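# Topology and contacts: notes
The chain contents come next:
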Amino acid sequence: MKRLKRTIDSAPFGVKLMGAFMTTILAGVVVVYGLLQHTIIATFEDYSDQTSSVHAQGMAPFFAYYFEQNRSWQGVERLLAAMSSAHGPLGEHLVLADASGRVLGPPHSPLFEAALSAALLSQGAPVLSRGERIGTLLANVGGGTPKLLETRFLQSIRLSILGAAAAATAIALVLGYVLLRQVTLPLRRLRLATHRLAAGRLDHRVRFQSKDVIGQLGEDFNQMAQKLFASEALRRQMVADIAHELRTPLTVLQGNLQGLREGVFEPTPAFLASLHEESRLLSRLVNDLRDLTMAEAEELYLNKKRENLEEIIERAVQSLQPLLQEKQVSLQRNVAKPLPQVCVDRDRIVQVMVNLLSNDLRYTPQGSAIGESATSAGGWVRVEVEDRGRGID
């Protein structure tokens, strides 16, 4: 049993499905064959018994006339032989019993001279003479030719049923194979698609025209692949953004330290504090790499607090002063005072402003100017950065 279970478990899905289909077909054929055979045999036996009973009832007056003419049953076996020749198998299978239940003929009957029970006699046709029961005529008892004919008829019925069952099984197997392909072919395509997806082809999709559970499975696979594709694109974009974010403070730090080494800047507390802020920003960006998975799940934590936006703008501008001086670009600020406090993540907003200003600085011609303004209206604070770059063609 365990070996059979292991064999079934290791068999391909198509073989399992086809085996289950064939088992169901064969079980249905066996059940239908058994029911049909039982019904046909029972119906045929009822028909045979009724026919024999009607025949016996029809012949009973003839035997009554014989008894009245001869005043006894003497020589009745010759009459039975004559009836056998005249009526064929039905006449040959007639059995006559006297009033006591003893079988009078025909001599070749297995019941000849046997005493029949009252129950068996009650099934026969009574032979009456002047209102008195002088005998009983029974048909189709004790075996004989009618049973042989019945057996032949039932055998032909069985063969017909088996032939029809075989034809139905063959048709069902052909249809089952076609349906099996309709099920297994999309599953094979889906399996191939999962292998390609595992190999990194996140743009691969499956196309199923059916709207059944297989088609829905294909749609679910496509949705999963689309989410993986979007997640991978987001991850790559995040890595690129973080690399860009790292590049700006590193450039600022490099410029400030170079200016400090060359004596351009004095190591004042404010200047050192600015360098310290840039190093903190770098540390924060490095930590963001660790939080990349959370960012993909849109669960990146923001440390929001009430902050002074003027100080945030000033911090961003101070961090870019070395680059502004190096490129001889002036910064024109127009900050409306007083600005209301805003609920933001201080380091994130500084990072955003530094990126905006550094991008403007990158594309602003030397000796030109960039503008920065901040206004408040309707409970919102609007910060704008304007450059005089070439723009996008």
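Structural data are supplied above this passage.
Residues numbered from 1 in each chain as written. Predicted model: local features only at pLDDT ≥ 70, side-chain atom pairs only at ≥ 80, totals over all residues. Heavy atoms only, no water.

### Considering the overall build of the protein chain
Operational definition: Secondary structure is summarised from DSSP: a helix means a run of H or I of at least four residues, a strand means a run of E of at least two, and numbering begins at the N terminus for each. Think of it in three bands: residues with accessible area under 20% of the maximum for their type are buried, residues over 50% are exposed, and the middle band is partly exposed, with areas taken using a 1.4 Å probe on protein chains only. We call two residues contacting when some pair of their heavy atoms lies within 4.5 Å. Only the protein chains shown count as cover for residues, with accessible areas throughout obtained via the Shrake-Rupley method and a probe of 1.4 Å.
From N to C terminus, the protein chain includes 12 helices and 9 strands. Buried positions account for 33% of the 393 residues belonging to the protein chain. In the protein chain, the proportion of contacts linking residues at least 24 apart, taken out of those at least 6 apart, comes to 67%. For the protein chain, the exposed surface amounts to about 25,000 Å²; the carbon and sulfur share of it is 58%.

### Overview of the sheet that holds strand β2 (residues 103–105)
Here is the rule: At least two DSSP bridges between two strands are required for those strands to pair. Fitting a line to C-alpha atoms yields each axis, with helices limited to the stretch in contact; the angle taken between N-to-C directions then spans 0 to 180 degrees.
A sheet is described by the order of its strands in space; here 4 strands give the open sequence β2-β1-β4-β3, paired in antiparallel fashion. The outermost strands of the open sheet, each flanked by one partner alone, are β2 and β3 (125–129). Pairwise comparison of adjacent strand axes, ignoring direction, gives a mean angle of 35° for this sheet. Summarising the sheet, β3 and strand β4 (residues 132–139) pair through 5 bridges and their orientation is antiparallel. Residue Ser129 lies in a different strand from β4, and its bridge partner there is Glu132.

### Notes on the pattern of salt bridges
Heads up, the rule is: Every case where a carboxyl oxygen of Asp or Glu lies within 4 Å of a side-chain nitrogen of Lys or Arg is listed as a salt bridge.
Overall, the coordinates contain 6 salt bridges when judged by the stated rule. Taking the shortest distance from any N to any O, the salt bridge between Arg333 and Glu314 comes out at 2.6 Å. Linking Arg333 in strand β6 (residues 330–335) with Glu314 in helix α10 (residues 309–319), this pair joins segments that are 19 residues apart in sequence. By relative accessible area, Glu314 is classed as partly exposed at 30%. Two residues, Glu384 and Arg382, come together in a salt bridge whose shortest N-O distance is 2.4 Å.

### Focus on the sheet that holds strand β9 (residues 380–386)
Within a sheet, neighbouring strands are paired by backbone hydrogen bonds and run either parallel or antiparallel to one another. Pairing is mixed in the open sheet, where 3 strands are placed in the order β6-β8-β9. Each edge of the sheet is formed by a strand with only one pairing partner; in this case those strands are β6 and β9. The average undirected angle you get between the axes of adjacent strands in this sheet is 10°. Relative to β9, strand β8 (residues 369–377) is paired through 7 bridges, and the arrangement is antiparallel.

### Details of helix α7 (residues 213–261)
The periodicity of an α-helix, 3.6 residues per turn, causes residues three or four places apart in sequence to face the same way. Note the cut-off: A helix's residues, less one, multiplied by 1.5 Å, set its expected span.
For α7, spanning 49 residues, the distance from its first C-alpha to its last is 71 Å, which sits close to the expected 72 Å at 1.5 Å a residue. Just downstream of α7 lies Gly263, where phi reads positive at about 85°.

### Remarks on the layout of surface pockets
Space left empty within the atom packing is revealed by a probe, the size of a water molecule, rolled over the atoms. Convention followed: Think of a 1 Å grid over just the protein atoms. A cavity is a set of points where a 1.4 Å probe fits yet cannot get out, a pocket is an open set with protein on both sides within 12 Å along at least five of seven lines, and lining residues have an atom within 4 Å of a point. Grid points are joined across faces, edges and corners, and a volume is the space filled by probe spheres set on the points. When residues are grouped by polarity, Ala, Val, Leu, Ile, Met, Phe, Trp, Tyr, Cys and Pro land in nonpolar, Asp, Glu, Lys and Arg in charged, and all others, Gly among them, in polar.
Its boundaries defined by the atoms lining it, the largest pocket holds a volume of some 290 Å³. If you go around the largest pocket, you meet 14 residues; those closest to its centre are Leu309, Val342, Val344, Val381 and Val383. Looking at the lining of the largest pocket residue by residue, the class counts come to 11 nonpolar, 2 polar and 1 charged.

### Some remarks on α10
Here is the rule we go by: Pairs of N or O atoms within 3.5 Å make up the polar contacts considered here, provided that, within protein, one atom can donate a hydrogen while the other can accept it, and that residues adjacent in sequence are counted only when both atoms are side-chain atoms.
For α10, every residue scored as buried is listed here: Leu309, Ile312, Ile313, Arg315, Ala316, Val317 and Ser319. At the N-terminal boundary of α10, the capping side chain belongs to Asn308, with an oxygen 3.0 Å from the backbone nitrogen of Glu310.

### Structural notes on the nonpolar core
Short version of the rule: Throughout, nonpolar core names a set of buried Ala, Val, Leu, Ile, Met, Phe, Trp, Tyr and Cys residues whose side chains join them through atoms within 4.5 Å.
Leu309, Ile312, Ile313, Leu320, Met353 and Leu357 are the most contacted members of the largest nonpolar core, which totals 20 residues. The residues contacting Leu309, other than those within four sequence positions of it, are Leu339, Val342, Met353, Val381 and Val383. Residues Tyr66, Phe67, Leu79 and Leu80 belong to the second largest nonpolar core, which totals 19 residues.

### Things to note about unusual backbone geometry
Look at the link from Lys337 to Pro338: it is a cis peptide, with omega at -5°. Relative to the assigned elements, Pro338 resides in the loop between β6 and β7 (342–345). The phi dihedral of Arg71 falls on the positive side, at around 60°, and the residue is not glycine. Mapped onto the fold, Arg71 is located in the loop between α2 (13–70) and α3 (76–87). Look at Arg130: it is not a glycine, yet its phi comes out positive at around 55°. Topologically, Arg130 is positioned in the loop between β3 and β4.

### Some words on the packing of α7 against helix α12 (residues 346–363)
What counts is decided by this rule: Roughly parallel covers angles under 35 degrees, roughly antiparallel covers those over 145, roughly perpendicular covers 65 to 115, and oblique covers all other angles.
Running from N to C, α7 and α12 cross one another at 75°; their axes reach a closest spacing of 10 Å. Taken together, the axis directions place α7 and α12 in an arrangement best described as roughly perpendicular. Residues His244, Glu245 and Thr248 of α7 form the contact with α12, whose own contacting residues are Gln351, Val354, Asn355, Ser358, Asn359 and Arg362. By residue class, the composition of the contact of α7 with α12 is 1 nonpolar, 6 polar and 2 charged.

### Concerning the side chain of Asp345
Secondary-structure assignment places Asp345 in strand β7. Given a relative accessible area of 5%, Asp345 falls into the buried group. A polar contact is formed between the side chain of Asp345 and the backbone nitrogen of Asn303, at a distance of 2.9 Å.

### A few points about the environment of Arg333
Residue classification places Arg333 among the partly exposed positions, given a relative accessible area of 41%. Excluding residues that lie within four positions of it along the chain, Arg333 makes contacts with Glu314, Val317 and Glu372. Side-chain polar atoms of Arg333 contact the side chain of Glu314, separated by 2.6 Å.

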